[in-house]
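Observations on the three-dimensional arrangement
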Amino acid sequence: MFCYQCSEASKGVGCNIKGVCGKNDEVATLQDCLVYTLKGLSYVAIKAREKGINTEEADLFVLEGLFSTITNVNFDPERFVEYNKKALKLRDELAEKVGDLSGAPDAVTWKSNQTKEDFLAKGTAVGVLSEANEDIRSLKELIIYGLKGVAAYADHAYVLKYKNSEITEFTEKALVETLRKDITVDELVALTLKTGEIAVKTMALLDEANTTKYGKPEITEVYTGLYEGPGILVSGHDLLDLEELLIQTEGTGVKVYTHGEMLPAHAYPEFKKYKHLAGNFGTAWFNQTKEFPLFNGPILFTTNCIVPPKDEYKDRIFTTGLVGWPGIKHIPNAPEGKMKDFSAMIQMAKDLGGLTPIEGKKIVIGFAHDQVLSLADKVIDAVQSGAIKRFVVMAGCDGRLKEREYYTELAKKLPKEAVILTAGCAKYRYNMLDLGDIGGIPRVLDAGQCNDSYSLAYIALKLKEALGLDDINDLPISYDIAWYEQKAVCVLLALLYLGVKGIRLGPVLPAFLSPNVAKVLVENFDIKPIGSVDEDLEAIMAGK
Ligand code: SF4
Ligand code: SF3
């Protein structure tokens, strides 16, 4: 195996024996095969569309397939065997309808006997390192990782019945472009920026889907402890799964708690209606092995991030959607018009006899774009009077690396005239600190999930307008982004497309950036790695 798609790539180079995330050689290789078969499927889908053939099933599967390969989503080899079979089936069915595919690349023409061994052999042949040129490989993978993030967000929108053919068509086109042997660095750089443009559109679509279905997030206090009585914990990003679980637990005496990236759900008016949505439990994803033993109830993973489950709570874990772990109970998708069946979890919550109460704090969330903009006058006054000197966007992911203490330290040391804008699970580094407020504006404004980084960009663009500035970079905003997995790559490309310069990226620069590609990013976008807390603090407050 060779995988370098996340910030925890072994030795800052890549995982080649076993993933730091827990992904083994077999799963990594089956994922390589799947990404390749999705490229072949995309090629055929484009040809089919040109002939007026319906490609909806293939388009959705391209998104789902990419999503399943994101870090900490699915570790089950059998599921990847099934996904590879499905990709080939869809490819071959469409190919038959298209007819003449002469000149098609190997990703379209290779035949498989559909065994795991065959998929492993193909995955080994077509993996990341099969592209020999380091810079071309770096750019191709940068695009593919950005597309994985796009795919996840587009899939969340899709389950809420929001779709945009431009997103799926671009995803397929870009995947096919990465098959080209003759593609140049310049072409790939252009494709990278186009991926950023599509990332913005995808996050906007998901924002529209979430806010239309569940209302506009509003300032909300969330309790971070546990009450007595049976409870279910829900992790991940899929709001529809949470809604269906809330409907099915209503009146049963079972309370529902959010975990990780599900925290922002509490701010949506439609979720506030459920009185048994009791609170949020646990901190960042990698602490689950320490925190889940304290939660005596079933735990549902709707998306990333699942880590190798410990025996002491393994039996209480359920996965759904694209998430998988070998031997862990999986709740299947429901037929059209029906809800997923969470009854086994509800029964287990009751049978377990209830949670051991844990005292918690109250945290304030719900600062998505509409809520912040309703405070616009107050915010602009505070900027003009100098009460707020700087906004620092500290969005993105959390992770295990010790270097991430930087974000907690920076948040603590920021002068009281600085406000943190956050989204994603990066917030768990500082959302329990009491950082106070500036004239009623909290010093940590939490816009929501990682996809709600869109809200932060939206706020920046509106502030630019309100302050009469020409350039987004003239705003008193600095970007200090923490990344872990590929959705953060998608967010980063979106910010670059929007023209944001001078982003600090940590805790480490991606292993998949070759020295030359990193140089292009530095020269064109002034991207820099994080430095020491004190140096960065001084530079940030000086607008550098
Ligand atoms: Fe390693 Fe990250 Fe890939 Fe897992 S996802 S194998 S930790 S680079
Ligand atoms: Fe976090 Fe896994 Fe990226 Fe959605 S939940 S931001 S890491």
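See above for the structure.
Residues numbered from 1 in each chain as written. Chains lettered and ligands numbered in written order. Predicted model: local features only at pLDDT ≥ 70, side-chain atom pairs only at ≥ 80, totals over all residues. Heavy atoms only, no water.

1. Quick look at the site of ligand 1
In the vicinity of ligand 1, the residues found are Met-1, Cys-3, Tyr-4, Gln-5, Cys-6, Ala-9, Cys-15, Gly-19, Val-20, Cys-21, Lys-23 and Thr-71. When grouped by side-chain class, the residues that make up the shell around ligand 1 number eight nonpolar, three polar and one charged. (Near = heavy atom within 4 Å. Nonpolar A, V, L, I, M, F, W, Y, C, P; charged D, E, K, R; others polar.)

2. A short note on the layout of surface pockets
A probe as big as a water molecule, rolled over the atoms, marks out the empty space that is left. Its boundaries defined by the atoms lining it, the largest pocket holds a volume of some 950 Å³. For the largest pocket, the lining is made up of 33 residues, of which Glu-64, Val-159, Asn-333, Ala-334 and Lys-340 are closest to its centre. Broken down by secondary-structure element, the contributors of at least two residues to the lining of the largest pocket are helix H2 (56–68), helix H3 (77–98), helix H6 (134–159), helix H9 (239–249) and strand E7 (329–331). In terms of residue class, the lining of the largest pocket is built from 13 nonpolar, six polar and 14 charged. Counting only domains with at least three residues in the lining of the largest pocket, you end up with domain 1 (10–213) and domain 2 (220–352). If you add up the space inside the second largest pocket, you get close to 510 Å³. For the second largest pocket, the lining is made up of 29 residues, of which Lys-39, Val-126, Gly-127, Ser-130 and Glu-141 are closest to its centre. Those elements that place two or more of their residues in the lining of the second largest pocket are helix H1 (25–50), helix H4 (106–109), helix H5 (116–126) and H6. Of all the elements, H1 adds the most residues to the lining of the second largest pocket, at six residues. For the lining of the second largest pocket, the residue count by class is 14 nonpolar, six polar and nine charged. (1 Å grid on protein atoms, 1.4 Å probe; cavity = no way out; pocket = protein on both sides within 12 Å on 5 of 7 lines; lining within 4 Å. Points joined across faces, edges and corners; volume = space filled by probe spheres on them. Helix = DSSP H or I, 4+ residues; strand = E, 2+ residues; numbered from the N terminus. Domains from an automatic or database assignment.)

3. Observations regarding the site of ligand 2
The full set of residues close to ligand 2 is His-237, Glu-261, Trp-285, Asn-304, Cys-305, Gly-396, Cys-397, Cys-425, Cys-450, Tyr-484 and Glu-485. Residue classes in the shell around ligand 2 are distributed as six nonpolar, three polar and two charged. When residues of the shell around ligand 2 are sorted by domain, at least three fall in each of domain 2 (220–352) and domain 3 (369–541).

4. Focus on the packing of H1 against H2
Each packed pair of helices is defined by two parameters, the angle between the axes and the distance between the axes. Between H1 and H2, whose axes approach to 10 Å, the crossing angle comes to 160°. Relative to H2, the element H1 is oriented roughly antiparallel. Considering the relative orientation of H1 and H2, their crossing is left-handed. Counting all contacts with H1, which are made through Gln-31, Leu-34, Leu-38, Leu-41, Ser-42, Ala-45 and Arg-49, the residues of H2 involved are Ala-58, Asp-59, Phe-61, Val-62, Gly-65, Leu-66 and Ser-68. Taken together, the residues of the contact of H1 with H2 sort by class into eight nonpolar, four polar and two charged. (Axes fitted to C-alpha atoms, helices over the stretch in contact; angles between N-to-C directions. Parallel < 35°, antiparallel > 145°, perpendicular 65-115°, else oblique. Left-handed = near helix turned anticlockwise from the far one by under 90°. Contact = heavy atoms within 4.5 Å.)

Remember that the coordinates give geometry; whether it matters functionally is a separate question.
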